[in-house]
Amino acid sequence: MTDKDTDFAIEGHGDISVGVHGAGASGDGSASATRITPGNALRPEDIALEVRRGQVKPSEDVAEFALRIGDDGLILAQRLGHWISRAPELEEDIALGNIALDQLGHARSFLTYAGAAWDKSEDDLAYFRREHEFRSAHLFEQPNGDFAVTIARQFIVSYYQYELYTQLMESTDPTLAAISAKAVKEVDYHRDHSAQWVLRLAGGTDESRARIIQGFKLVWPYVDELFEDDELTTRLAEAGVTVQPSSLRAEFDRLTGEIMAEAELDIPAVPQALGGGRRGKHSEFLGYILAEMQVLAREHPGASW
Amino acid sequence: MAPHGNPEEPASSASEIKREAPKVAAATPAEQQHHETPWSLWEVFVRSSRGLSHVHAGSLHAPDAAMALRNARDLYTRRNEGVSIWVVPAEAISSSDPDSKGAFFESPQGKDYRHATYYTKSEGVKHL
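Everything quoted here is computed from the prediction, not taken from an experiment. (Residues numbered from 1 in each chain as written. Chains lettered and ligands numbered in written order. Predicted model: local features only at pLDDT ≥ 70, side-chain atom pairs only at ≥ 80, totals over all residues.)

Let's talk about the overall build of chain A
Point 1. A tally of regular secondary structure across chain A gives 13 helices and 0 strands.
Point 2. Put simply, chain A runs from its N terminus to its C terminus through helices and strands in the order α-α-α-α-α-α-α-α-α-α-α-α-α.
Point 3. Evaluated residue by residue, chain A yields a buried proportion of 42% over its 305 residues.
Point 4. By sequence separation, contacts in chain A at least 24 residues apart represent 73% of the contacts at least 6 residues apart. (Helix = DSSP H or I, 4+ residues; strand = E, 2+ residues; numbered from the N terminus. Buried ≥ 20, exposed ≤ 12 C-beta atoms within 10 Å, placed from the backbone. Contact = placed C-beta atoms within 7 Å.)

Details of the packing of helix 2 (residues 44-52) of chain A against helix 4 (residues 90-115) of chain A
Residue and element names in this part refer to chain A.
Point 1. Axis separation between helix 2 and helix 4 bottoms out at 8 Å; the angle between their running directions is 10°. Relative to helix 4, helix 2 is oriented roughly parallel. Across the interface between the two elements, Pro-44, Ile-47, Ala-48 and Val-51 from helix 2 touch Arg-108, Ser-109, Thr-112 and Tyr-113 from helix 4.
Point 2. Residue composition of the contact of helix 2 with helix 4, grouped by class: 5 nonpolar, 2 polar and 1 charged. (Axes fitted to C-alpha atoms, helices over the stretch in contact; angles between N-to-C directions. Parallel < 35°, antiparallel > 145°, perpendicular 65-115°, else oblique. Nonpolar A, V, L, I, M, F, W, Y, C, P; charged D, E, K, R; others polar.)

Observations concerning the sheet that holds strand 3 (residues 84-89) of chain B
Note: strands within a sheet are paired through backbone hydrogen bonds, in either parallel or antiparallel orientation.
Residue and element names in this part refer to chain B.
Point 1. Taken in spatial order, the 3 strands line up as 2-1-3 in an open sheet, and their pairing is antiparallel. Only two strands of the sheet have a single partner each, and these edge strands are strand 2 (54-62) and strand 3. Put simply, the sheet's adjacent strands are angled 30° from each other on average, direction ignored.
Point 2. Sheet topology note: the strand 1 (residues 40-47)/strand 3 ladder contains 6 bridges and is antiparallel. (Pairing = 2+ DSSP bridges.)

Examining the environment of A:Ile289
Residues and elements named next belong to chain A.
Point 1. Here Ile-289 shows up in helix 13 (residues 285-299).
Point 2. We classify Ile-289 as buried; it has 21 C-beta atoms within 10 Å.
Point 3. C-alpha of Ile-289 to C-alpha of Asp-173: the two residues are 116 residues apart in sequence and 31 Å apart in space.

Here's the deal with the nonpolar core
Residues and elements named next belong to chain A.
Point 1. Of all hydrophobic cores here, the largest spans 70 residues; its most connected members are Ala-66, Ile-151, Ala-152, Ile-156 and Val-198.
Point 2. In terms of residues, this core owes the most to one element, helix 7 (residues 147-168), which gives 14 residues.
Point 3. Leaving out residues up to four positions away in the same chain, Ala-66 has contacts with Pro-58, Phe-110, Tyr-113, Ala-114 and Leu-176. (Core = buried A, V, L, I, M, F, W, Y, C linked by C-beta atoms within 7 Å.)

Concerning unusual backbone geometry
Residues and elements named next belong to chain A.
Point 1. For Ser-85, which is not a glycine, the phi torsion comes out positive at approximately 80°.
Point 2. Along the chain, Ser-85 turns up in the loop between helix 3 (60-81) and helix 4.
Point 3. Among the residues examined, Ser-85 registers 8 C-beta atoms within 10 Å and is labelled exposed.
Point 4. Its identity as a non-glycine residue notwithstanding, Asp-119 has a phi of 60°, on the positive side.
Point 5. Residue Asp-119 is classed as exposed on the basis of its C-beta count, with 9 C-beta atoms lying within 10 Å.

Details of the confidence of the model for chain B
All names here are of chain B.
Point 1. The share of residues in chain B with pLDDT of 70 or more is 71%, and the mean pLDDT across the chain is 78.
Point 2. Here residues 1-13 is modelled with pLDDT under 50, and outside its nearest four sequence neighbours on either side it reaches 7 contacts, counting other chains as well.
Point 3. Confidence drops under a pLDDT of 50 for residues 24-34, and excluding neighbours within four residues, the segment shows 10 contacts in the predicted structure.
Point 4. Taken over the whole predicted complex, pTM reads 0.81, whereas the ipTM for its chain interfaces reads 0.78. (pLDDT = per-residue confidence, 0-100.)

Things to note about helix 12 (residues 249-262) of chain A
In an α-helix, one full turn covers 3.6 residues, which means residues spaced three or four apart are oriented alike.
Point 1. If you check helix 12 of chain A, its first and last C-alpha atoms are 20 Å apart, about what 14 residues at 1.5 Å a residue would give, namely 20 Å.
Point 2. Directly after helix 12 of chain A, the chain includes A:Glu264, whose backbone phi takes a positive value near 55°. (Expected span 1.5 Å × (residues − 1).)

Some remarks on the packing of helix 3 of chain A against helix 4 of chain A
Residues and elements named next belong to chain A.
Point 1. Where helix 3 meets helix 4, the axes come as close as 7 Å, and the angle between the chain directions of the two elements is 155°. Taken together, the axis directions place helix 3 and helix 4 in an arrangement best described as roughly antiparallel. Crossing geometry of helix 3 relative to helix 4 is assigned as left-handed. On the side of helix 3, the interface is formed by Ala-63, Ala-66, Leu-67, Ile-69, Gly-70, Gly-73, Leu-74, Leu-76, Ala-77, Leu-80 and Gly-81, while helix 4 contributes Leu-96, Ile-99, Ala-100, Gln-103, Leu-104, His-106, Ala-107, Phe-110, Leu-111, Tyr-113 and Ala-114.
Point 2. Residues of the contact of helix 3 with helix 4, tallied by class, amount to 17 nonpolar, 5 polar and no charged. (Left-handed = near helix turned anticlockwise from the far one by under 90°.)

Some words on the environment of A:Leu232
Residue and element names in this part refer to chain A.
Point 1. Tracing the backbone shows Leu-232 in helix 11 (residues 231-238).
Point 2. Note: C-alpha distance between Leu-232 and Gln-244 (12 residues apart in sequence) is 9.5 Å.
Point 3. Once residues lying within four places of it in the same chain are set aside, the contact partners of Leu-232 are Asp-61, Glu-64 and Phe-65.

Examining helix 3 of chain A
Point 1. In this model helix 3 of chain A runs 31 Å from its N-terminal to its C-terminal C-alpha over 22 residues, within 8% of the 32 Å that 1.5 Å per residue would give.
Point 2. Extensive coverage of helix 3 of chain A is indicated by the burial of 18 of its 22 residues.

Let's talk about the pairing of strand 1 of chain B
Residues and elements named next belong to chain B.
Point 1. Examined bridge by bridge, strand 1 and strand 2 share 8 bridges and lie antiparallel to one another. By the bridge assignment, Phe-45 is partnered in strand 2 with His-56.
Point 2. Two successive antiparallel strands, strand 1 and strand 2, enclose a turn made up of 6 residues, where Gly-51 displays a positive phi of approximately 100°.

See below:
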């Protein structure tokens, strides 16, 4: 980031008190002993401000790509949010809620940036697009199932997103790189969380092992779609904006394979689904998710609370 | 224990999953009211900033240290509260007897010569 960007990022914090420049709580010896600050990470509001000031504007291709990964996070956040008050333990309830909020945060940043190409806000994109206009992959809209299905889905998502965001940190598009640099640390924790649970469920009781095996069987058909290249990714890869999704596969296979081997689980031998989410072709589940997610904003346009 | 009170099993090494830890039994309708083997209680200590001490933040349930640390991260550092976490099995903590307050704690009262009240140069120094 340039000095100018940093300066603006502080200003962009609006009415949240962050204290004097650099006085974040983390690891700063001069920080207040009692006052907790939210820190100075990049927020969707900061991107929106940059957009309003005309400092950033994505190309059509970049916006379309940001829409894809933003929609991934948005739909997954909506799915994970359903666990709140329903998880097997109170502590896990909050853990899943945290992951949902992390995903929502990434989605807000990516959608805010994408919207800049079409003069739309994050809310316009989240609440006022129709099903075939969403670009999320099918994995993200798959039902929560039981806890093991949710963990299996999260395991695949986290290892995929970690590889993607790690590569995007090197993007020639500075906004995508900045969002990814923030997101990758959070996704790293999601990897740890889901890997821990895969190991625990697989090594737990006969019941938990049977359930995680079944969970992987249900979500594994949606893995290939994540790593499909198409015309958009080819153009963006040539421009250095992102890498081809297929190039992420080897590392994904290696790292997930290590955990699966430790858990003594086999990669499910299941045929792959057709996919099509990136082209707006979705499974039957997305419509229901959107109905619940969008109803309030559509019934009361412009409402605030 | 090391001078700074690091547990003998430092937090960074608590990545091993305790396989023999009590598992939550698959609940049948009759069992749903209470777990047969509940997760044990852990006390959580969070250090908010480099140079400060770990301070007790609360407690939580977890089957082992690895998950206690992660749950502590999720429950007690969501708002940027910490740079370091300790978790301690609640049963490992010995506490003073609340009925012995007089014998334990009243003796220092009124002994103001034990306080460095006459030094003024140090006023305003952080973390002293």
